[in-house]
Amino acid sequence: MKYLSVSEIAKKWNINERRVRVLLKEKRIEGAIYQNHKYLIPENATKPLDRRVKGQRCFEDSPLEKTQFDFTNYRKIYPSEDGYFGRYGGSFLPPNLKKAMKEIYDGYLTIAKSAKFISELREIRKNYQGRPTPIYHCRNLSNYFGKVQIYLKREDLNHGGAHKLNNAMGQALLAKYLGKKKLIAETGAGSHGSAVAMAAAYFDLKCDIYMGSVDIKKQAANVSRIKVLGANVIEVSEGSGTLKEAVDAAFEAYSKEYKTAFYCLGSAVGPHPYPLMVRDFQEIIGREAKEQFLEMTGELPDIVTACVGGGSNAIGMFEAFLNEPVNIVGVEPLGQGKEIGKNAATMCFGKEKVLHGFNSLVLENPDGSPANAYSIASGLDYPGVGPEHAFLKEIGRVKYEAISDDEAAEAFFLLSRLEGIIPAIESSHALAYAIKCAKNMNSGSILVNLSGRGDKDMDFMVEKYPHMFLN
Ligand SMILES: Cc1ncc(COP(=O)(O)O)c(C=O)c1O
């Protein structure tokens, strides 16, 4: 039998490719198969009747169809040459740092795209990081709620216990190629700090990690880890003593050392080219996950979700699903409420503004200054967000929801008890959103990016939630 590709069948039936993908997702094209990462459709397949009713909400009203945006060449177009996703992104820096960013961007476009670099990184991912990380079907958790199947992409099993190493090894390899002698980085939860310290040890580079004084106390286990790995932890006690101040201090240090040091940024934020670079180094998550999920279940998930701090694990997960008929949801921390200073839900409550050298959404005080962000999860405690997320929200492709401290804590203990997996409190936000959906949906599947493991959070969680711990 002769088979046609999605684009060929779209042409034959005179509909767009997106529509064909929705029909595939609904299993309405007889004989269609999935092989070598592609759908194949029998040439003689019958075009299903159009059941859509204008204005009526149903699955065909999925975000992919609603957005009217063509994602076929999305990665090639976004960001633009000067780092914009629509009007978000760019680079707002003093001239000396602009020069430093140009060196990194040029290096990224040439060195990081070379066959040698790619094969070296591939070898590191396989033999040092232990990739691919698996997909896990949470049978107990799914049965607990009854009707919806919940799956985890196990980034907690990546070496170091979080997704952060995917990006840290990529940037450190680039630093080595550029002849730099030191890595400088900020950290909130300490996951990125640990990852950069590991990368520095691996590549024999010096390493300074800037961390807020509040986070140093809260994430003591990771602070010890960073020190054991041979890196320096530099305490930042200004302001709220959390991630924003750590970024300020690390950038300040880098602006004095950029000739010999490399700034290893931990999320899909910052001036161009960081949002692009971090996305590219993290997109291994979604690529693996899509293939593994299809292999395990024979179809795509109904919902893909991940927590959003700066947005690196989320963008790494989402990218592979943007052009698929899948609902994509980023989950932010609602902390202790909607008021300024009580949350870090930038996508929900932020306004357009330049912070840390890029234009995106930022939580603001009434006087327009950046607000203090708060979340139980140090890694989500940032008043800004990656520019690509602001763009994906604006064009309607990704939905952003907020989950409170207590909801995340419940998910933290529930997954631990039912599945024997202790999630990072950051990842517990995405999990809590999946649990909320599982309570309200009658069927379907949800794929959660479990961005990290929760060992670092144990002491803090047990102290803060003794009633959940004892039950
Ligand atoms: C385990 C874990 N998940 C998620 C995050 C949030 O970062 P991002 O939004 O860049 O993925 C962090 C940040 O430290 C983290 O440690």
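Residues numbered from 1 in each chain as written. Predicted model: local features only at pLDDT ≥ 70, side-chain atom pairs only at ≥ 80, totals over all residues.

Here the chain is partitioned into domain 1 (3-51 + 61-76), domain 2 (93-124 + 162-278) and domain 3 (135-161 + 281-470). For domain 1 versus domain 3, the distance between C-alpha centres works out to 29 Å. Residue-level contacts link 14 residues of domain 1 with 13 residues of domain 3. Counting residues per element, the ones that place at least two in the side of domain 1 that touches domain 3 are helix 2 (17-25) and helix 3 (63-66). (Domains from an automatic or database assignment. Contact = placed C-beta atoms within 7 Å. Helix = DSSP H or I, 4+ residues; strand = E, 2+ residues; numbered from the N terminus.)

Attention now goes to the packing of helix 8 (residues 164-177) against helix 13 (residues 274-282). At a minimum axis distance of 8 Å, the contact between helix 8 and helix 13 shows a crossing angle of 120°. Here helix 13 runs oblique to helix 8, going by the angle between their axes. As for the relative orientation of helix 8 and helix 13, their crossing is right-handed in sense. On helix 13, the residues touching Asn-166, Asn-167, Gly-170 and Gln-171 of helix 8 are Met-277, Val-278, Phe-281 and Gln-282. (Axes fitted to C-alpha atoms, helices over the stretch in contact; angles between N-to-C directions. Parallel < 35°, antiparallel > 145°, perpendicular 65-115°, else oblique. Left-handed = near helix turned anticlockwise from the far one by under 90°.)

The environment of the ligand is formed by 21 residues, the closest being Ser-191, Gly-309, Ser-312, Gly-379 and Gly-452. When contributions to the shell around the ligand are tallied by element, the ones reaching two or more residues are helix 9 (191-203), helix 15 (312-318) and helix 19 (425-440). A per-element tally of the shell around the ligand places helix 15 first, with three residues. Two domains each put at least three residues into the shell around the ligand: domain 2 (93-124 + 162-278) and domain 3 (135-161 + 281-470). (Near = placed C-beta within 6 Å.)

This brings us to the sheet that holds strand 9 (residues 206-212). Strand order in the open sheet formed by four strands is 10-9-8-11, with parallel pairing between adjacent strands. Each having just a single partner strand, strand 10 (232-236) and strand 11 (261-263) make up the two edges of the open sheet. When the angles between neighbouring strand axes are averaged without regard to direction, this sheet yields 25°. Alignment of strand 8 (residues 182-187) against strand 11, held across three bridges, turns out to be parallel. Note that in strand 11 the partner of Leu-183 across the bridge is Phe-262. (Pairing = 2+ DSSP bridges.)

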